[in-house]
Amino acid sequence: MFIDWYLPGYKAGGPIQSVANIVARLKDNFEFAIITSDTDEKEIHPYSTIKSDEWNTLAEGTRVYYFSQQGRKFVTLKKIMLAEQADAIYLNSLFSVFFTMYPLIIRKYFLPSRKTILAPRGMLGKGALEIKSTKKKLFLMAARITGLYKNITWHASTELEEKEIALNFGRRQKIIVATNLTSLNASTVPSRSKEVGKVDFVFLSRLSAKKNLLSTVNTLNRLPDTLQVLFDIYGPIDDAEYWEKCKQAISKAPPHVKINYKGAIANTDARKILSKYHFSLLQTQHENFGHSIIESMAAGCPVVISDQTPWRNLAELNAGWDIGVNDEATLLHTLTTCAEMNQQTFNTWSSGAFNFADKVINNPKLIDDNKKLFA
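Each value, and the rule that gives it
- Residues numbered from 1 in each chain as written.
- Predicted model: local features only at pLDDT ≥ 70, side-chain atom pairs only at ≥ 80, totals over all residues.
- Heavy atoms only, no water.
- Axes fitted to C-alpha atoms, helices over the stretch in contact; angles between N-to-C directions.
- Helix = DSSP H or I, 4+ residues; strand = E, 2+ residues; numbered from the N terminus.
- Parallel < 35°, antiparallel > 145°, perpendicular 65-115°, else oblique.
- Contact = heavy atoms within 4.5 Å.
- Pairing = 2+ DSSP bridges.
- Phe/Tyr/Trp six-rings, centres within 6.5 Å; stacked < 30°, edge-to-face > 60°.
- Buried < 20%, exposed > 50% of the residue type's maximum accessible area, 1.4 Å probe, protein only.
- Core = buried A, V, L, I, M, F, W, Y, C linked by side-chain atoms within 4.5 Å.
- Expected span 1.5 Å × (residues − 1).
- Right-handed = clockwise from strand over helix to strand, strands pointing away.
- Salt bridge = Lys/Arg side-chain N within 4 Å of Asp/Glu carboxyl O.
- Arc of directions from axis to C-beta.

**Quick look at the packing of helix 7 (residues 213-220) against helix 8 (residues 240-251)**
Contact geometry of helix 7 with helix 8 gives a least axis separation of 9 Å together with a crossing angle of 5 degrees. Overall, the two elements helix 7 and helix 8 adopt an arrangement that is roughly parallel. In contact with L213, L214, V217 and N218 of helix 7, helix 8 contributes Y242, W243, K245, C246, A249 and I250.

Right, here's the structure in full:
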């Protein structure tokens, strides 16, 4: 399995969780070996708990090779792949040179019959492709012309992503839809008190234009002053220029709306933190899965998300709301409804969110679908 960043890293968000959860929940069926970098995203210092440029065995038994920046050589990667002779190769990016392009080239010339699976991780979504669009379009065009992705199996996390793959690479592609696996759920709904007119919101995601935090802050600033609102933001700063715009909007928050940036957190701490809040906000422009969405609901924290994720019609199940990405009027109304909710009503929605996540997490079909990727 090739991925730009892996445990103990967490700043790259969902892809790390996706791969870690596959390993954790399928390790009794398959033997996994991970090839990754020795730093977290946007970091220059290697993890203190690992040895760079050699195989490490993590506590749960997974072997991981951590490449240093200096050690990233094509010939070294080729040597590792030929020595391992893995039954399958699993890639986690469309655009990574060292952790996708090089393995595909090595596979093409030295391991042509080796089964290869590629998970685009939402990179083919309309919202994702619009960011640095010219460079991405040129890259995809070159990849199609050279046949770089020829004879591979695509891992689509949702039926929507299956359509995105077919749209960009043709309907003759072999695509397996297997929803991302999530860590197992708690047995009971975490409880918290809820007063009418008071609400604690949380945002847990990377800070970039794709996640649409600025729109959320601007809407929160319009909430009536009869409400007491807390909004805590967690996540690594992925786009410094965009974050500056968010900070400017945060500085304009009225006295009854308190907004705090809490920094990045490890994925293992997510549910514990989310269980302290009433509602989770993520008006994302595109999400092929959205680990923080499921993590929020698993913590009994109903979500207020956009309609650009796989999770739709949530209000029917009292699990949350999926709102048009530019529908600020509906978003304002929904946030006001959240703030005005009493304890009894909140408990209903909290349980609804928890039960929704529980069904997703413990669905045996998800395990079977993910097994099919490597069969």
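After that view of the structure, there is still more to cover.
**A word on the sheet that holds strand 12 (residues 303-306)**
The strand order across the open sheet formed by six strands is 10-9-8-11-12-13, and the pairing between neighbours is parallel. At either margin of the open sheet sits one strand with a lone partner, and together these are strand 10 (257-263) and strand 13 (320-323). Across the sheet, the mean angle separating the axes of adjacent strands is 20 degrees when strand polarity is ignored.

**Points about the packing of aromatic side chains**
By convention here, two paired aromatic rings are described through the distance between centres and the angle between planes. For the coordinates displayed, the defined rule picks out 22 aromatic pairs. With 5.5 Å between their ring centres and 80 degrees between their planes, W55 and Y65 make a pair best called edge-to-face. With a gap of ten residues between them, W55 in strand 2 (residues 55-57) and Y65 in strand 3 (residues 63-67) connect regions that are remote in the sequence. Taking the relative accessible area as the measure of exposure, W55 reaches 26% and is therefore partly exposed. Ring geometry for F67 and F98: centres 4.9 Å apart, planes at 75 degrees, overall edge-to-face.

**Side note on the nonpolar core**
With 73 residues, the main nonpolar core has F201, L213 and F231 as its most contacted residues. The greatest single-element share of this core, amounting to seven residues, is contributed by helix 12 (residues 343-361). Beyond its immediate sequence surroundings of up to four residues, F201 is in contact with L220, V229, L230, F231, D232, Y277, F279, L281, L335 and C338. Counting 29 residues, the second largest nonpolar core, distinct from the first, contains L94, L111, L148 and Y149.

**With respect to the sheet that holds strand 5 (residues 115-118)**
Spatially, 4-5-6-7 is the arrangement adopted by the four strands of the open sheet, whose pairing is parallel. What marks the edges here is a single partner per strand, and that holds for strand 4 (88-91) and strand 7 (174-177). Taken over all neighbouring pairs, the strand axes of this sheet differ in orientation by 25 degrees on average, direction set aside. Here strand 5 pairs with strand 6 (residues 153-156) via two bridges, running parallel. Note that in strand 6 the partner of L118 across the bridge is W154. Sitting on the sheet, helix 3 (residues 97-110) is in contact with strand 4 and strand 5, with an inclination near 155 degrees to strand 4.

**A look at helix 11 (residues 328-340)**
Taking 1.5 Å per residue as the helical rise, helix 11 with its 13 residues ought to reach 18 Å, and the 18 Å between its terminal C-alpha atoms agrees with that figure. Every buried residue belonging to helix 11 is among L331, L332, T334, L335, T336, C338 and A339, and all of these are buried. In this structure, the buried residues of helix 11 make contact with strand 8 (198-204), helix 7, strand 11 (279-282), strand 12 and strand 13.

**Regarding the pairing of strand 4**
Note that strand 4 and strand 5 share four bridges and pair parallel. Pairing of L91 across the sheet is with L118, part of strand 5. Crossover connection from strand 4 via helix 3 to parallel strand 5: handedness right-handed.

**With respect to the pattern of salt bridges**
Counted under the stated rule, the structure contains twelve salt bridges. In this structure, K247 engages E244 in a salt bridge whose closest nitrogen and oxygen atoms are separated by 3.0 Å. Here K247 and its partner E244 are both found in helix 8, three residues apart, which amounts to about one turn of the helix. Residue E244 is classed as partly exposed on the basis of its relative accessible area of 41%. Between D369 and K365 there is a salt bridge; the shortest N-O distance is 2.8 Å. Placement of the pair is D369 and K365 together in helix 13 (residues 364-374), with a separation of four residues, close to one helical turn. Look at D369 and you get buried, because its relative accessible area is 8%. Shared partners join several salt bridges into a network, and the residues in it are E41, R206 and D238.

**Considerations on helix 2 (residues 74-84)**
Owing to its 3.6 residues per turn, the α-helix aligns residues three or four sequence positions apart on the same side. Turning to helix 2, its buried residues are L77, I80 and M81. Relative to the axis of helix 2, the buried residues are bounded by an arc of 95 degrees and lie together on one face. Within helix 2, the exposed residues directed more than 90 degrees away from the buried face are V75, K79 and A83. Contacts made by the buried residues of helix 2 are with strand 1 (33-37), strand 2, strand 3, strand 4 and helix 3. Phi for Q85, located one or two positions after helix 2, is positive at around 50 degrees.

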